[in-house]
Amino acid sequence: MDIYNFGKELIVEAGKFIEMRMTREFQIDSKSNPNDLVTDVDRETEQFLYTKILERFPDHLIIGEEGHGQNIQDTKGVIWIVDPIDGTLNFVHQGENFAISIGVFIDGEPYCGLIYDCMKRDLYHAKYKNGAYLNEHALLPAENISLNQSLIAINPKRVLGEETRSPFFKIMAESRSVRSYGSAALEFAMLAKGQISALLFLKLYPWDYTAGVIITEELGFKTSDLYGRELPLLSSSSVISGNPKIHSEILEYFTGDKRLYEYHEKIHDS
Ligand code: IPD
Ligand code: CA
Ligand code: CA
Ligand code: CA
């Protein structure tokens, strides 16, 4: 079995693990601040994925939000970038609307992307240059609609600051309306399904976006940081993703805002 098919089976298995684990009590802790939660289930699911991947492919590397591989310095070899639960706040408060997200890269090049909405049993998947699918159904190419006809996804908490407010508020005002679902991976999945036309984040990590980028690029969507640069695999980034038209429309709101640019460079670690 190749890496792609192995990954598809594995992510569904990990979803079953989460469902089973939710029937028992789990501990909830906070990380960088009281609203940044992590549970035993996040950590155990990452460990589950880590163990299974290495059992099958001992020479592969794994980077995970909950600690695995965060010292990896270069992109040589096969790297699995894993978010065991994307949308932990939804997991804790709602018991749904979260996903497992896995992006696989070979020598820094995209290989496949997998996003599994465990509670809905929906698997979004794509192998590079082979189209993108929701379960067994091919997803349709991006529609080129503009910002003023679009629903866009933004995490409001991140953009309320003095430095960020102005361009983000202008973009929100120009859009048809704004949504915030609390899982970047599921927002990429909604982009892939055509339910929103763009997503916009001030700060995400590769485990939040790599699977989503691989899946949506298969459909003709474009992704970059706020300044049009390619997203990194080993450090945090801002993210704009959408059809090519809306992507370039949104980029324009960020050109020339020196204060935001300086703030942006300060909050990202590379
Ligand atoms: C979070 C979600 C959320 C985004 C946050 C991420 P987590 O991931 O993707 O939508 O706004 O920035 O940290 O911590 O639930 O895996
Ligand atoms: Ca987290
Ligand atoms: Ca995440
Ligand atoms: Ca997570």
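You'll find the chain entered in an unreviewed UniProt entry as Myo-inositol-1(Or 4)-monophosphatase, with Jeotgalicoccus halotolerans given as the organism. According to UniProt, the comment filed for the chain under the heading Cofactor (unreviewed entry) is "Mg(2+)".

> Explain the sheet that holds strand β12 (residues 198–204) here, please?
Through backbone hydrogen bonds, the strands of a sheet pair up, either in parallel or in antiparallel fashion. Overall, mixed pairing links the five strands, which are arranged β11-β10-β12-β14-β13 in an open sheet. The open sheet terminates on both sides in strands that have one partner only, identified here as β11 (177–179) and β13 (222–224). Taking the axes of each pair of neighbouring strands and ignoring which way they run, one obtains an average angle of 20° across the sheet. Where strand β10 (residues 151–154) and β11 come together, three bridges link them in parallel fashion.

> What exactly am I supposed to notice about the pattern of salt bridges here?
For side chains of opposite charge, pairing can occur when their charged atoms come near one another. Going through the model one piece at a time under the given rule, you end up with 14 salt bridges. Arg121 serves as the salt-bridge partner of Glu19, at 2.7 Å between the closest nitrogen and oxygen. In this pair, Glu19 is assigned in helix α1 (residues 3–21) and Arg121 in the loop between β6 (109–117) and β7 (122–127), connecting sequence segments 102 residues apart. Across the pair Arg165 and Glu162 runs a salt bridge, and its minimum N-O distance is 3.8 Å. Pair noted here: Arg165 and Glu162 are both in helix α4 (residues 162–174), with a separation of three residues, about one helical turn.

Conventions we followed
- Residues numbered from 1 in each chain as written.
- Chains lettered and ligands numbered in written order.
- Predicted model: local features only at pLDDT ≥ 70, side-chain atom pairs only at ≥ 80, totals over all residues.
- Heavy atoms only, no water.
- UniProt positions renumbered as here; feature names shortened; annotations may be inferred.
- Pairing = 2+ DSSP bridges.
- Helix = DSSP H or I, 4+ residues; strand = E, 2+ residues; numbered from the N terminus.
- Axes fitted to C-alpha atoms, helices over the stretch in contact; angles between N-to-C directions.
- Salt bridge = Lys/Arg side-chain N within 4 Å of Asp/Glu carboxyl O.

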